[in-house]
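Read off the chains here:
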Amino acid sequence: MPLRYIAERLRKAFPNFTPDQVTPQTYSVEVSFKGSGLNVDIVPILYNGDTDWYGDLISQEDGSFLKTSIPLHLEFATKRKKAQEKHFAQVVRLAKFWARRLKNEDPNFRFKSFMIEMILAKLCDDGLDFSDYPEALQHFFTYLARSNLHERIVFSDYYQSSTVGSLNDPVQIIDPVNAENNAARLYTSANADAIVDAALDAGDAIDAALAAPTKQLTVAYWQKVFGSTFQV
């Protein structure tokens with residue numbers, strides 16, 4: 001399969017990496033840089049000359065194709081970054097860091113980065129001010145808890161929202177460049193419940209951190225969100 005080939009080439013290109021730093025996903029290969037905590041997705045696409053640069057991702061699980069457009073995805077993200085200059089990207093990074101810590105602690109915990117970015121894009125579109133990072137994160141966790149991840153998220157940048165058909169999936173986060181792709185279609189109600197429970201814990205910790213009378217207590221509560229290495 002192409003993804004396994006790419007993973008092998010990346011491991012040869014980075015011989016000092018441990019096996020878990022190059023990980024084939026369904027449609028991409030994730031490269032993790034331990035020093036910076038940065039994760040990069042390598043995404044091979046079959047391009048057929050479409051003027052909007054639509055092409056097909058190939059699933060490593062069953063060989064099926066998934067239509068996408070990387071330039072339109074980048075344009076989508078850039079629009080939100082311009083609306084909340086600097087702050088949108090920073091809050092996305094913080095939320096992804098939170099989820100990555102949970103994944104490291106529990107291999108059964110699932111919350112992919114793309115879903116996190118789409119949820120924050122929705123909150124951005126709804127008018128949330130991202131400049132206060134603790135407040136923005138608290139809104140993110142509150143949204144997860146309030147919606148139980150059972151509220152459909154769909155954008156109208158590149159198609160009419162009404163074109164998205166009826167779905168039975170418990171979690172529905174529709175790809176902003178492909179109305180037929182529910183990015184969360186493989187997530188079960190149990191996966192959603194685990195995310196909501198983690199969000200409730202994180203939200204409680206942030207409330208406690210903001211009300212803590214000492215720096216030591218403040219840091220201790222933030223470490224419940226971001227792990228023991230967090231410092232102020």
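Quick note: structure is the one above.
What counts, and where the lines are drawn
Residues numbered from 1 in each chain as written. Predicted model: local features only at pLDDT ≥ 70, side-chain atom pairs only at ≥ 80, totals over all residues. Heavy atoms only, no water. Core = buried A, V, L, I, M, F, W, Y, C linked by side-chain atoms within 4.5 Å. Buried < 20%, exposed > 50% of the residue type's maximum accessible area, 1.4 Å probe, protein only. Helix = DSSP H or I, 4+ residues; strand = E, 2+ residues; numbered from the N terminus. Contact = heavy atoms within 4.5 Å. Pairing = 2+ DSSP bridges. Axes fitted to C-alpha atoms, helices over the stretch in contact; angles between N-to-C directions. Salt bridge = Lys/Arg side-chain N within 4 Å of Asp/Glu carboxyl O. Parallel < 35°, antiparallel > 145°, perpendicular 65-115°, else oblique. Left-handed = near helix turned anticlockwise from the far one by under 90°.

(A) Quick peek at the nonpolar core. W98, F111, L120, F140, F141 and L144 are the most contacted members of the largest nonpolar core, which totals 44 residues. Looking at this core, the elements that each hand over two or more residues are α3 (87-105), α4 (113-125), α5 (133-147), α6 (189-211) and α7 (215-226). If we skip the residues at most four places from it in the chain, F140 touches A95, W98, F111, I116, I119, L120 and L123. Ranked by size, the runner-up nonpolar core spans seven residues in total, among them I6, L10, V22 and V29.

(B) Structural view of the sheet that holds strand β6 (residues 65-68). On the basis of which strands lie adjacent, the open sheet formed by three strands has the order β4-β5-β6 and antiparallel pairing. The open sheet has two free edges, formed respectively by β4 (46-47) and β6, since each of these has just one partner strand. Where strand β5 (residues 55-58) and β6 come together, four bridges link them in antiparallel fashion. What sits directly across from L57, in β6, is L66.

(C) Just the sheet that holds strand β2 (residues 29-33), in detail. Judged by pairing direction, the sheet is antiparallel, and its three strands sit side by side in the order β1-β2-β3 without closing on themselves. A strand with exactly one partner marks an edge of an open sheet, and here the two such strands are β1 (22-24) and β3 (38-42). Sheet twist, expressed as the average angle between the axes of neighbouring strands with direction ignored, equals 20°. Summarising the sheet, β2 and β3 pair through five bridges and their orientation is antiparallel. Within the sheet, the bridge partner assigned to V29 lies in β3 and is I42.

(D) Spatial organisation of the pattern of salt bridges. According to the stated counting rule, one finds eight salt bridges in the structure shown. In this structure, K79 engages D157 in a salt bridge whose closest nitrogen and oxygen atoms are separated by 3.7 Å. One end of the pair, K79, is in helix α2 (residues 70-83); the other, D157, is in the loop between α5 and α6, with 78 residues separating them in the sequence. The partly exposed category is assigned to D157, whose relative accessible area is 27%. When the shortest N-O distance is used, the salt bridge between K122 and D126 registers 2.8 Å. K122 sits in the buried class, given a relative accessible area of 18%. Three or more residues are tied together by salt bridges with common partners; here these are K79, R80, D125 and D157.

(E) Representation of the packing of α2 against α4. Packing of α2 against α4 brings their axes to within 10 Å, and their N-to-C directions diverge by 45°. On the basis of their axis angle, the class for α2 and α4 is oblique. Handedness of the α2/α4 crossing: left-handed. Every residue of α4 that contacts α2 at H73, F76, A77, R80 and A83 is listed here: F114, E117, M118, A121, C124 and D125.

(F) Looking closely at the side chain of E117. When you line up the elements, E117 lands in helix α4. If we ignore the near neighbours within four places in the chain, the residues touching E117 are A77, F88, V92 and K96.

(G) Highlighting unusual backbone geometry. Residue N148 is not a glycine yet carries a positive backbone phi of 55°. Tracing the sequence through the fold places N148 in the loop between α5 and α6. Accessibility expressed as a relative area gives 34% for N148, which makes it partly exposed. Although it is not a glycine, L149 adopts a positive phi angle of roughly 60°. Relative to the assigned elements, L149 resides in the loop between α5 and α6.

(H) Quick look at the environment of K96. Assignment of secondary structure puts K96 in helix α3. Along the backbone, K96 and F114 are 18 residues apart, and their C-alpha atoms lie at a distance of 9.3 Å. Once residues within four sequence positions are removed from consideration, K96 is found in contact with S113, I116 and E117.

Keep in mind that these numbers describe shape and distance, not what the molecule does.
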